[in-house]
Every structure is written in structure tokens, then in C-alpha cells.
Amino acid sequence: MSTDPASQLPFYHGSISRRDAERELMLADSADGLFLLRQCQRSLGGYVLSLTYQGVFNHYPVERLPNGTYGIPGSMPHCGPAELCEFLSREPDGLPCALRRPCLRAPEQPPRKGLFDTLRENLLREYVKQTWSLEDAEDIEQAVISHAPQLEKLMATTAHEKMAWYHGKISRQEGERLLNTGSKTDGKFLVRDSEAGTFALSMLYGKTVYHYRINQDKSGKYSIPEGDRFDTVWQMVQYLKMKPAGLMTNLSEECANSAMAAKSPALPAGRKERLNGYTPPPRATSFLKPSLPAPLAGSQLLPMDCSGFVNAYHNPKDLKKFFINRDQLVMDEVELGSGNFGCVKKGVLKTTENNENGQIDVAIKVLKNENESLVKDEMMREAEIMHQLSNAYIVRMLGLCQAESLMLVMEMASAGPLNKFLQSNKSSVSVEGIVRLMHQVSMGMRYLEEKKFVHRDLAARNVLLVNQNFAKISDFGLSKALGADDRYYKARTTGKWPLKWYAPECISFHKFSSKSDVWSFGVTMWEAFSYGGKPYRKMVGTQVVDYIKEGNRLERPSQCPEQMYQLMMDCWTYNHEDRPDFQQAEGSMRTYYYSICNQPQPGDEAGAAQPIK
Ligand code: ADP
Ligand code: MG
């Protein structure tokens, strides 16, 4: 998992030391203009550009500026590390020469992970776990993957609040008392709020307590006087544990805040305030401030803020619980949708489990024609499939109810089908928002692929929204579980098939696999990026089959980013063996999604950050 916008650059070596960088350059012949990019160990998102000129190795810090752009101090900023290097290959812009030849990483070798990468990943997990009280490893993973860029920003500004070494508002004297209690290890330390509005580091050394003021500069970076600058306090502490960097010694033992240890997992202050609809005044701001998500209005809730993220109605696997008693269900007159089978109604499920007020909003699929056993069987099969699935990005079934008719009770996705939502909310959903939703769909589909289910009806009409930022795959009416050794499901007869969404092998050979779902995913992406447009509008299904055979494909919707169209085209690879699977498609979606999250947002003015007074 990488949110690093440089991770795709072949000359990016990740977290390698200065000495290793010089060795790489030397091995690659040291000609003038030979260069590589590596990770800066001091800043979240900073780099170092190493360049050879006349046999000398030069190293230039590339900083991530408060507005999200990147630049070598004193020269022009660019929107990303790739753009910066491209520019510097055309113009030296203050360097001794232009970048001429990239010093490449060994093929197949990913950029080396740094301390911060691992730390950041672990911290992200811990942060998600505590902030949203998630317990299930799978849920945590889903949350981290689907919102890593946003979470990193949220976390970086508040992470120190959760650290044992952070004591908040205590006096200098209290700090001294705490450090002098118990063990007297050199380097024992704590961080507290300083009177000046920033932080102070107090450290024990040779029985004396030393206090260092942590300064914050104009761009929000932290440093102890004359020392290196860091984006966050916790990064600084982490670094100072390894190197003294101007202190008497390395930081060693954490002087733990007992109040902190006893604290139950809770939302960090920042988020709690936002959730209550109150917008905190701009935090005395770090580099992260400009790119922090705007105050979270209803439409900006993360999926983890919604009840549908985890299974709200813990449904033990035994079949008795699979059935819901009629008296637990309250059915509304409101119809959410209808089809041949009957209709889907709004309702409430009364439960005593988990859910705080004991009520869960539900959607209830009600069979119209009970007597037709065929229809009933179909619904039972749909329920059986859904019962085996549990993923944040898939509509969960809560149970079946047999009463006046057979009813399938599902969690509610109240913003409705994706295609309709986009048709009526064109102006309020950005392309980035669509990328986020489609990435979630790819995560749900990846889960299905891993569990060996084929959906067979993936389309924008069957992607339901909890809200503008949270999508779930639904409608498992045609879905099949594959046998352990099967690569595809073979349909014996055709039916009312959504031909425009089907891959060639489905139509020609009745073969359905995750790869054919990938084809449908491409069409679903097309629908999404055309804001709910109808694919192959002027054709009927059977014409589409020939149209595809002749090598034609849907055109790029006008708002669709080039990279996303490329992925659609890959999904429409004729031969299923050459088509990407969902593991790959999700990877591509994720890379693109992270890359656009890292770009500066409109209105992020350089210099907007204010130092604390
Ligand atoms: P069909 O097999 O007829 O396509 P669907 O399962 O797609 O049946 O449901 C039909 C419609 O009912 C959907 O398009 C949607 O409007 C509504 N619906 C279904 N499930 C839900 C749900 N969980 N939450 C909200 N609306 C739903
Ligand atoms: Mg449907």
C-alpha cells in the first residue's frame, strides 16, 4: 500500500541513505546529469534529489509545500515529484546541470520502505482501530485501503495525542517531577504543551531535566532550535529516538502518561468536534492544514462514520438466526424500487444486539408472487449467496423473513442506485468523488473474486449508495458461488441477460468468471464517469455483440480522466485470459485515486499557514 506519489517512478529508490544513493550513482557510471530520487527521512512526503555533476554527488531536498506542491527550496514548485523531475530535465533551474539520465531501480524491485512507511502503516491501522472502534482485521484493512490519503492527513495532525509520551497541558515543573519519578534512564522523555502554544520536549540526562522548545515555522514544520524540521511531532520523536540530532542524547524511555493509558479508545478531538457539526477553528496549523479535509459536513462523512461499514446486526452463522421474526420488522409503505420479482420496501429491524437504539434501517425485498416456487427458489438462492458475504462495500443481508410473503431483509443504502444518483447530482459530485466510489466498488469486487463468487449483474443500477461517499454492490439475483476448482460458471440456458454489460465469452460460451465481472466493471465505470449515461445508447443488446467483435468499444466520456479510460479499455480486453483480474483492477484504481488525493486542492494558497503566536 503506498500513497507516495513517487512510488511509480522508476528512478525513485524509496528510503535509501545518502551513501547508498551515491553507490547507486557510482555503479551507474556517474555521468553528468545522472540522477535519482529518494525519500527524505525527516518529512512526511518529502524527497531528496541526488544528482551527479563533474564526478561530485549533489543532494537537494525536495519539500512538500503547505499547498501540496513540491519544490527544491529557492526554485519553482511543481504539482508532483514526477512533474518536478520532468521540468528539471528540461531546465536546470539553479542546479549545476539539467537531469539527463535516470538512475533506475532494479526491475521488479519496489522502492525501499522507510521507517516512516512501516510506522505510518502500523499507526494508520491503530488509528483506524481506535477512532472507529473497529475490531475485525478485515474491516480495518478495508478502511485503511479505501481512505489512506484522508486518514494520513487526519492522523498526522492528531496522532501525538494518542502517544503515551504526550502529556498535554502540564507545567514545566510537573514534567520535571514526572521524569524524576521511577527510573532515571538517560534520554527518558515526555512531550507537553508549551506556554507559547506549541510543544516542549523534556528529557532526563545525568539526573538533570532539559527542556527543549519545539518551534513551528511558517510552513508549519516542527523543529527543536537549529535542528531538522519535521512535519509532525510524532515523526520528530521517532527520529530523535534514532539520532540525538542536537540533544544531549537519543530519546529512549517514554515517560508514560498514565491518564493516556487509561483513556478508553475515543475519537481524537478534531474528529469528534467535526462530527457534532461544529467546525473547530483552524488548528494552529501544520503543513497538513491546507489539505485537511474541509470540515466534515454530512456529505463528507467517511464510510467508517456510517453504520453500514461494519456488520450492524451480528448474525451468528447458525441458520435459525438466519430467519427474522415478523414482529422484529416494521415495514414502511415507501417503495424503494420494484422489479419482476416484486418490490423493495423501506423498513426498520428491531434488534437488541449491538446497535445502540436497537433499530436498524433496512430495505426489504418482498416477493410478489409467492406461489411460484421458481421465484421463491431464486430468492432463497440470492439469500444464500448474500449470507456468505460480509464486506463494507457489499450490501449485507440481515436475514430472511417468512410471513405474509417471503422477505429478504438487507441493510439500507438510502441514496439509491449509482446511475440515478449521478444523473440527478451532476453538479455536486466531482470526478474525484466518482473515482473514490468506483474504487470502493473495485474493493468489493476484489473481495468477491477472492471468495470465488461471480456476480453476473454488475452495473451502475446495482451499485447502491449509502451516501455520496459510500458505495455498496447489490443485487445478487444472478450470482453464483464457484466450486473450489472451478474457474468459471457455465450457464446451461440463457435468460434475461444484461448483454450490454456482458463479456464476449459470456455470450458466446455462457462462461462466467471474475474476469467477465471485470468486463462489466468497465461498463459500470463508463456509466459512472458519464454521470449515469446509458451505454451503447443507440443499439440493442444483440447489435452490441457484433459491435464489440468488430473491435469497437465505448468512447471516453467527456469528463473521464485518461487513466480511468485506459483501465476501462483494459477491462474490455476481448480475450479473458489477457484481461486484468480484480486484484489488478483494484490496484490501478487505488494508485490513481491516491495520486489525485495527493494533489493540491483548489484554494490551497501557499503561505496560508500561520505560525502559532
Ligand atoms: P432487481 O433484481 O429487480 O434488479 P434489486 O436488488 O436490484 O432487484 O433491487 C431493485 C431496486 O430496489 C434497486 O434498484 C434499489 O432502488 C432498491 N433497493 C434494493 N436493495 C436496496 C437496499 N439495500 N437499499 C436501498 N434500496 C434498495
Ligand atoms: Mg437490480
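Residues numbered from 1 in each chain as written. Chains lettered and ligands numbered in written order. Predicted model: local features only at pLDDT ≥ 70, side-chain atom pairs only at ≥ 80, totals over all residues. Heavy atoms only, no water.

Undergrad: I'm lost on the sheet that holds strand β9 (residues 222–223) in this one. Help?
TA: Strand pairing within a sheet occurs via backbone hydrogen bonds; the two strands may be parallel or antiparallel. Taken together, the four strands give an open sheet; going across it, the order is β6-β7-β8-β9, and neighbouring strands pair in antiparallel fashion. Looking at which strands have only one partner, the edges of the open sheet turn out to be β6 (189–193) and β9. Inspection of the sheet shows β6 paired to strand β7 (residues 199–205) by five bridges, in the antiparallel sense. In the sheet register, R192 faces β7, and the bridge partner there is A200. Contacts from helix α5 (residues 172–179) reach β6, β7 and β8 (208–216), with the element oriented near 160° to β6. Together, β6, β7, β8 and β9 form the strand contacts of helix α6 (residues 233–242), whose direction differs from that of β6 by roughly 160°. (Pairing = 2+ DSSP bridges. Helix = DSSP H or I, 4+ residues; strand = E, 2+ residues; numbered from the N terminus. Contact = heavy atoms within 4.5 Å. Axes fitted to C-alpha atoms, helices over the stretch in contact; angles between N-to-C directions.)

Undergrad: Before we go on, may I ask you to explain the packing of aromatic side chains in this structure?
TA: Geometry of an aromatic ring pair is reported as the spacing of the ring centres plus the angle between the planes. The final tally for this structure, using the stated rule, is 19 aromatic pairs. Ring geometry for Y47 versus Y70: centroids 5.8 Å apart, planes at 40°, classification tilted. Linking Y47 in strand β2 (residues 47–53) with Y70 in strand β4 (residues 70–71), this pair joins segments that are 23 residues apart in sequence. Accessibility assignment for this pair places Y47 and Y70 in one class, buried. Their ring planes at 80° and their centres at 5.8 Å tell us that Y393 and F470 sit as a pair that is edge-to-face. Taken as a pair, Y393 in the loop between α10 (373–387) and β13 (397–402) and F470 in strand β18 (residues 470–473) lie far apart in primary sequence, 77 residues in all. Relative accessible area serves as the criterion here: at 0%, Y393 is assigned to the buried category. Through pairs of rings, three or more aromatic residues link up here, namely Y489, W497, Y502 and F512. Here R456 stacks its cationic end above the ring of F512, 4.0 Å away from the centre of that ring. A cation sits over an aromatic face here: R461 above W501, 4.4 Å from the ring centre. (Phe/Tyr/Trp six-rings, centres within 6.5 Å; stacked < 30°, edge-to-face > 60°. Buried < 20%, exposed > 50% of the residue type's maximum accessible area, 1.4 Å probe, protein only. Lys NZ or Arg CZ within 6 Å of the ring centre and 35° of its normal.)

Undergrad: Explanation requested: helix α17 (residues 582–597) in the structure shown.
TA: Count 3.6 residues to each turn of an α-helix, and residues three or four apart come out pointing the same way. Between its terminal C-alpha atoms α17 stretches 22 Å, which fits the 22 Å expected from 16 residues at 1.5 Å a residue. Looking at the buried positions of α17, the neighbouring elements they touch are α4 (137–158), α12 (431–450), α14 (514–529) and α16 (562–571). Between the side-chain oxygen at the start of α17 and the backbone nitrogen of Q583 there is a gap of 3.3 Å, and the oxygen is on D581. (Expected span 1.5 Å × (residues − 1). Polar contact = N/O pair within 3.5 Å; in protein donor to acceptor, adjacent residues only side chain to side chain.)

Undergrad: Just checking my understanding: could you explain the site of ligand 1 for this structure?
TA: For ligand 1, the set of nearby residues contains 15 residues, the closest of which are F341, K365, E411, A413 and D475. In this structure, an oxygen atom belonging to ligand 1 sits 3.0 Å away from a side-chain N or O atom of K365. In the model, an oxygen atom of ligand 1 is placed 2.7 Å from a nitrogen or oxygen of the D475 side chain. Burial of ligand 1 by the protein chains amounts to 83% of its free accessible area of 550 Å². Looking at the shell around ligand 1, the elements with two or more residues in it are β10 (329–339), β12 (359–367) and β14 (406–411). Split by residue class, the shell around ligand 1 holds ten nonpolar, two polar and three charged. Lining the shell around ligand 1 are residues from two domains, each supplying at least three of them: domain 4 (317–411) and domain 5 (416–597). (Near = heavy atom within 4 Å. Areas by Shrake-Rupley, 256 points an atom, 1.4 Å probe, with all protein chains shown as cover. Nonpolar A, V, L, I, M, F, W, Y, C, P; charged D, E, K, R; others polar. Domains from an automatic or database assignment.)

Keep in mind these values describe shape, not function.
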